[in-house]
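Chain and residue survey
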Amino acid sequence: VAEARLRDAVRFDRGSHVGHWALGTFLLRHGTTAKVLTEARDSLVTAERFAPDTPGAAQLRAEIRADLGAAHLAVGDVAAAEAAFGASLSADAKHQGAIAGLFACDYLRLLAGEEPAERELPAELEGLGPELLSARGLLALEAGNYRAARSDLESAVAVGPLSAHRPLAALSRLAEATG
């Protein structure tokens with residue numbers, strides 16, 4: 001029902017960044033096939049194109065671009081994801097979802113045998129969220145920095161108990177790796 005209503009909203013107002021953003025994020029979160037995830041990405045590309053380009057809409061643009069980066073990752077386009085996450089950070093340098101997305105890109109590059117980028121968190125960033133801590137912890141785990149991985153993953157569990165299944169799974173993997 002929700003998907004049908006979102007599709008109707010986009011059909012009635014094809015230039016609505018809000019409609020495309022809502023449809024794209026819905027499909028991204030609920031899609032399981034490559035076709036649906038590609039449709040999610042396409043809808044988010046449209047949302048980003050139609051989003052207002054005023055200073056007051058910077059946070060909105062950062063959110064849309066971070067979701068677009070996640071959609072690019074979902075379809076396997078790491079380079080486009082990095083570009084979208086970078087664009088999100090141009091609108092909001094402290095956007096934790098975009099920073100987490102860049103760590104996820106680095107993690108995928110490391111898994112592919114490539115060198116990940118050297119990234120630092122913005123000094124003024126406070127209150128790290130579970131998504132960012134989990135992504136940084138996974139990257140540290142894959143890089144063999146077990147102490148940093150444990151610290152970030154345990155912190156992710158502590159600050160995000162409702163999404164603790166992911167960092168807990170990574171902590172299990174860490175326990176296996178370290179004995």
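Up top is the structure.
Our subject in this report is the structure included herewith. Computed from a predicted structure; not experimentally measured. (Residues numbered from 1 in each chain as written. Predicted model: local features only at pLDDT ≥ 70, side-chain atom pairs only at ≥ 80, totals over all residues. Heavy atoms only, no water.)

1. Description of the overall build of the protein chain
In terms of regular secondary structure, the protein chain is built from nine helices and zero strands. Each helix and strand of the protein chain, ordered N terminal to C terminal, gives the series α-α-α-α-α-α-α-α-α. Taken against the 2.2 N^0.38 rule, which gives 16 Å for 179 residues, the C-alpha radius of gyration of the protein chain at 17 Å falls within 12% of a compact globule. A buried classification covers 40% of the 179 residues belonging to the protein chain. Considering only intrachain contacts with a sequence separation of at least 6, the fraction spanning at least 24 residues in the protein chain is 50%. Surface summary for the protein chain: the accessible area is close to 9700 Å², and the carbon and sulfur share equals 54%. (Helix = DSSP H or I, 4+ residues; strand = E, 2+ residues; numbered from the N terminus. Rg over C-alpha atoms; globule rule 2.2 N^0.38 Å. Buried < 20%, exposed > 50% of the residue type's maximum accessible area, 1.4 Å probe, protein only. Contact = heavy atoms within 4.5 Å. Areas by Shrake-Rupley, 256 points an atom, 1.4 Å probe, with all protein chains shown as cover.)

2. Section: the nonpolar core
Judged by nonpolar contacts, Leu 6, Val 10, Leu 23, Leu 27, Leu 28, Leu 37, Ala 40, Leu 44, Leu 68, Ala 71 and Ala 84 together constitute the single largest core of 11 residues. Mapped onto this core, the elements with two or more residues apiece are helix 1 (2-12), helix 2 (17-30), helix 3 (34-50) and helix 4 (58-74). Counting residues in each nonpolar core, the second largest holds eight residues, with Ile 99, Phe 103, Tyr 107 and Leu 125 among its members. (Core = buried A, V, L, I, M, F, W, Y, C linked by side-chain atoms within 4.5 Å.)

3. Remarks on the pattern of salt bridges
This model, assessed by the stated rule, comprises 13 salt bridges. Its salt-bridge partner being Arg 119, residue Asp 106 comes within 2.6 Å of it at the nearest N-O pair. Here Asp 106 is found in helix 6 (residues 96-111), whereas its partner Arg 119 is found in the loop between helix 6 and helix 7 (130-143), with 13 residues between them in sequence. Relative accessible area serves as the criterion here: at 0%, Asp 106 is assigned to the buried category. (Salt bridge = Lys/Arg side-chain N within 4 Å of Asp/Glu carboxyl O.)

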